[in-house]
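Per-entry structural report
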Amino acid sequence: MPSLVNVVSAQQQESYELYQAVSNTSDSADILPIKDHRRRRSSSIISLVEQESLEDDTDQRMLPNMNATWVDQRGAWVIHLVLIAMLKLFYNLMPRITNDIAWTMTNATYVIGSYVMFHMIKGTPFEFNGGAYDNLTMWEQIDNETLYTPARKFLILVPIGLFLVVTQFLKNNLKLFAINLFISFFCGILPKLPLLHRIRIYVPFITNPHQIS
Amino acid sequence: MSGPSEHMATASAIPIPSAMISTSSAAWFYLQQGLVRLPGGHHVISYIEKATQDDPYRTAVEASLILYGIYYYLSKPQQKKGLQSNRPNLTKHEIDALIDEWEPEPIVVPPVNDKETAERYWRLAKIPIVENHGMTKYIDFTRDDKKESFENVLNLASNNFLALSETPEVLEVARQTIRDYGVGACGPAGFYGNQDVHYNLEYTLAEFFGTEACCLYGQDFAVSSSVIPAFTKRGDVIVADDQVSLAVQNALQLSRSTVYYFQHNNMESLEELLEQLNESEKKEKLPAIPRKFIVTEGIFHNSGDIAPLPELVELKRKYKYRLFVDETMSLGVLGATGRGLPEHYNMDRSTSIDITVGSMATAFGSSGGFVLGDTFMSEYQHIGSNAYCFSASLPAYATTVVDKTLQIMDNNNSTVQTLQKLSRTMFYFFNSRVQLNEFFTLTSSEFSPVVHLELKESIRNSKFHYSRDSLFTELLSLQKRKISDVFIEPFEKEEMFLQDIVDAILVNHNILISRHTIVLKQETLPIVPSLRISCTAAMTEEELLNACENIVTTIVGLCTQ
């Protein structure tokens, strides 16, 4: 018995064609959906999110993407610096935490927090376009997927800058340096590289399977 | 000042080759020499000395990060998406040539002047334009730019089934409302468009049909295509009947959901499909559970059939789906008091149907549409439904008229009963004519006030050489090639044949019936032409039977020629 949800290529997505299978057979086991938005991508470790179909693209352009437009504002930039300062203050106030550990914690909190926000959660919290952005992370949604824009430049320079500042305070502690480097590189810098735009890397327990085409 | 390399061997746990030490020492020495001469250079030197912590690996890491940061900062913006990213490299001349070459399709149909266009757009000349207000059962109308005119024609093409809008009390309400409120609403519901009468009508409708709440729309065709997309998105599942009307088809396309079709009113087909979907969902282990809907119609717009609600409700409960029913044609018609499909099956609307779409332009004789359901669903439409948010609300008199009509129906269900009696009479009349049934199939139900007569498949095959499937295949191939000017000759021939029947009945017996209106280029489901005869409660049985007799004689006469 053929599988219910067939994997169809982007060209075959035209709904009408698929209906043909329905009208000509009496056996409903062959029924294909008119428009399948639930295709699962290959289960390989690294996969590429395909370009949107014309329909998806139209839906994306229907309204400005409120999920990503605020990132461009200068006020939103300042907040990053304010947050970092407040995190540092917070960790300094904790008892029995030395300065180098406080810096490491600040770095880790900021970088992992921004990873969750920019690279882990997909789609938009608002429902205004039928889930047209459900495949893209917030980082990919910024500036309509234009790379090297001022907002992106700022957002990639902040973790780099923070890392450089943190290393100032680490003295000879190689272990803390390695931890900071690991977190900053894998959570703060690597996912933001243009090379990895629209690329999904499967990490056990962190990434979800794709639900929507 | 000495270079950091002197302390290196002791500071770092990792051994460092001596060649590297000497090169980096030399590089550091000359860098220092250069930096000292620059203003503020000693700050840079002290930063580097501090940051390196006497470890060249750390220095290398930091230096490469800084270099990449500078590279990123200096890069130019680069579009990664859509037209910009895969635009072919054309020269200016090539672009100009392409633009010159392009000929836009006409937005409006050209005026009928030459023979060819006249043949293609023959439908335009067949549209009746009513002279008087058109609410009565006998109407005067003209066709073909006033070249033909007809008087006192019995209207068997009306959707105003209950004909309550003709009653003096309803007309008086309309008159009074126009005096009090004027005509026309200012704008959309949220922008001063809704007046007290709109909210009153929402309450009245909800109360009349026994649901928690109701949401009023300005136009009935746009209701489905606005409500379904408001509640669905990509990844959701919709299971729909495969003969739904164009309005619902549009809604399904706009819903962006995964749409499956079950065979028309075939509950085994539906159950099998739901079972399969259930199994595949278990197998897939998707991270989020999709919203799921069953979509069908009360009285089918395309065939006059009615949906088997009890079975649908049973299945929706079993498989945990929501039920959406477009009751455009069935509200005010089905059930002892005209409360629609659930009353017809002695069921409770609020527990059986989750979303009901109704129209006030059919049985209630006004205009606009509405959605019945629970409070949350109705409230959500006020912010999430495009047609509610962005299109103008109804004129005040259109709402008070419905209010009055509902009041009349609530007090006295005789109009509904009369209509149902007439519908049944009409159905059994057409059903019992053996001669007619040799040529035509009656697709509608006995409860439907609209009778659909479809040419028998064998007759269609022999006379026009096509079938439902072949028409659909051809339509698909046109749509796939993105040809919007759909002209399929055998289909046109059949439509013209049906129009000949309509014309003959009109000319010989002064009775107006109609072809079922099909906008073929928009259809996404198989469909064939049909004749459409509707009765209204204002008619007497004798009148109707006489008209039906005349219709049958004319049809049989034309078919046997």
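Definitions and cut-offs
Residues numbered from 1 in each chain as written. Chains lettered and ligands numbered in written order. Predicted model: local features only at pLDDT ≥ 70, side-chain atom pairs only at ≥ 80, totals over all residues. Heavy atoms only, no water. Helix = DSSP H or I, 4+ residues; strand = E, 2+ residues; numbered from the N terminus. Contact = heavy atoms within 4.5 Å. Areas by Shrake-Rupley, 256 points an atom, 1.4 Å probe, with all protein chains shown as cover. Pairing = 2+ DSSP bridges. Salt bridge = Lys/Arg side-chain N within 4 Å of Asp/Glu carboxyl O. Buried < 20%, exposed > 50% of the residue type's maximum accessible area, 1.4 Å probe, protein only. Phe/Tyr/Trp six-rings, centres within 6.5 Å; stacked < 30°, edge-to-face > 60°. Disulfide = S-S within 2.5 Å. Axes fitted to C-alpha atoms, helices over the stretch in contact; angles between N-to-C directions. UniProt positions renumbered as here; feature names shortened; annotations may be inferred. Polar contact = N/O pair within 3.5 Å; in protein donor to acceptor, adjacent residues only side chain to side chain.

1. Side note on the overall build of chain A
- For chain A, the helix and strand inventory stands at eight helices and three strands.
- The order of helices and strands in chain A, counted from the N terminus, is α-β-α-α-α-α-α-β-α-α-β.
- Sequence-distant contacts in chain A: of pairs separated by 6 or more residues, those separated by 24 or more amount to 65%.
- Working note: accessible area of chain A is about 10500 Å², and carbon and sulfur atoms make up 68% of it.

2. A look at the sheet that holds strand β14 (residues 511–512) of chain B
All names here are of chain B.
- The mixed open sheet is built from four strands, whose spatial order is β2-β3-β4-β14. Edge strands, defined here as strands with exactly one partner in the open sheet, are β2 (129–130) and β14.
- Relative to strand β4 (residues 148–155), strand β3 (residues 138–143) runs antiparallel, the two being bridged by five bridges. Following the sheet pairing, Ile 139 is matched in β4 by Val 153.

3. A closer look at the pattern of salt bridges
- All chains considered together, the criterion is met by 30 salt bridges over all chains.
- Arg 460 of chain B is the partner of Glu 457 of chain B in a salt bridge, and the nearest nitrogen-oxygen pair spans 2.5 Å. With Glu 457 of chain B and Arg 460 of chain B both in helix α22 (residues 457–464), this residue pair falls three residues apart, about one helical turn.
- Looking at Glu 457 of chain B, the relative accessible area reads 35%, which means it is partly exposed.
- The buried category is assigned to Arg 460 of chain B, whose relative accessible area is 0%.
- One salt-bridge network, held together by shared partners, links Glu 55, Asp 56 and Asp 59 of chain A together with Arg 234 and Arg 256 of chain B.

4. Description of the packing of aromatic side chains
Residues and elements named next belong to chain B.
- Applying the stated criterion across every chain yields a total of 20 aromatic pairs over all chains.
- Pairing Phe 427 with Tyr 428 gives two aromatic rings, centres 5.2 Å apart and planes at 80°, and the pair type is edge-to-face.
- The class for Phe 427 is buried, based on a relative accessible area of 11%.
- You can call Tyr 428 partly exposed: its relative accessible area is 42%.
- Relative to Phe 497, the ring of Phe 464 lies with its centre 5.8 Å away and its plane at 55°, an arrangement referred to as tilted. Of the two residues, Phe 464 sits in helix α22 while Phe 497 sits in helix α24 (residues 489–509), which places them 33 residues apart along the sequence.
- Judged by its relative accessible area of 11%, Phe 464 falls in the buried class.

5. Notes on the state of the cysteines
Residue and element names in this part refer to chain B.
- Counted by the stated rule, this structure contains zero disulfides over all chains.
- Its sulfur unpaired, Cys 186 is 18 Å from the next cysteine sulfur, which belongs to Cys 389.
- You can see Cys 389 has no disulfide; the closest cysteine sulfur is in Cys 215, sitting 8.8 Å from it.

6. With respect to the pairing of β4 of chain B
Residues and elements named next belong to chain B.
- Counting the residues in the hairpin turn of β3 and β4 gives four residues, including Asp 144, whose phi is positive at 50°.
- With two bridges connecting them, β4 and β14 associate as parallel partners. Across the sheet, residue Leu 154 finds its bridge partner in β14, namely Ile 511.

7. Overview of the sheet that holds strand β5 (residues 213–217) of chain B
All names here are of chain B.
- Pairing is mixed across the open sheet formed by seven strands, whose spatial order is β5-β11-β10-β9-β8-β6-β7. The open sheet has two edge strands, β5 and β7 (258–262), and neither has a second partner. Here the average twist between neighbouring strands, direction ignored, is 20°.
- As judged from the three bridges shared by strand β9 (residues 322–326) and strand β10 (residues 355–359), these two strands associate in the parallel manner.

8. Remarks on the UniProt feature "domain: Aminotransferase class I/classII large" (unreviewed entry) in chain B
- Per the UniProt record, "domain: Aminotransferase class I/classII large" (unreviewed entry) is found at residues 152–551 of chain B.
- Taken end to end, residues 152–551 of chain B is 50% helix and 14% strand, and its two terminal C-alpha atoms sit 17 Å from one another.

9. What to know about the UniProt feature "transmembrane region" (unreviewed entry) in chain A
All names here are of chain A.
- The positions that UniProt labels "transmembrane region" (unreviewed entry) are, in the present scheme, residues 74–91, 154–170 and 176–195.
- Strand forms 0% of residues 74–91 and helix 100%; the C-alpha atoms that close the span are 26 Å apart.
- Within residues 176–195, the helical portion is 70% and the strand portion 0%, while the C-alpha atoms at the span's ends are 28 Å from each other.

10. Concerning unusual backbone geometry
- One non-glycine residue, Tyr 148 of chain A, adopts positive backbone phi at about 55°.
- Here Tyr 148 of chain A is to be found in the loop between β2 (146–147) and α7 (150–168).
- Its identity is not glycine, yet Lys 146 of chain B carries a phi of approximately 65°, on the positive side.
- Mapped onto the fold, Lys 146 of chain B is located in the loop between β3 and β4.

11. Focus on the side chain of Arg 256 of chain B
- Locating Arg 256 of chain B in the fold gives a position in the loop between α12 (246–254) and β7.
- The class for Arg 256 of chain B is buried, based on a relative accessible area of 12%.
- A polar contact is formed between the side chain of Arg 256 of chain B and the side chain of Asp 59 of chain A, at a distance of 2.6 Å.

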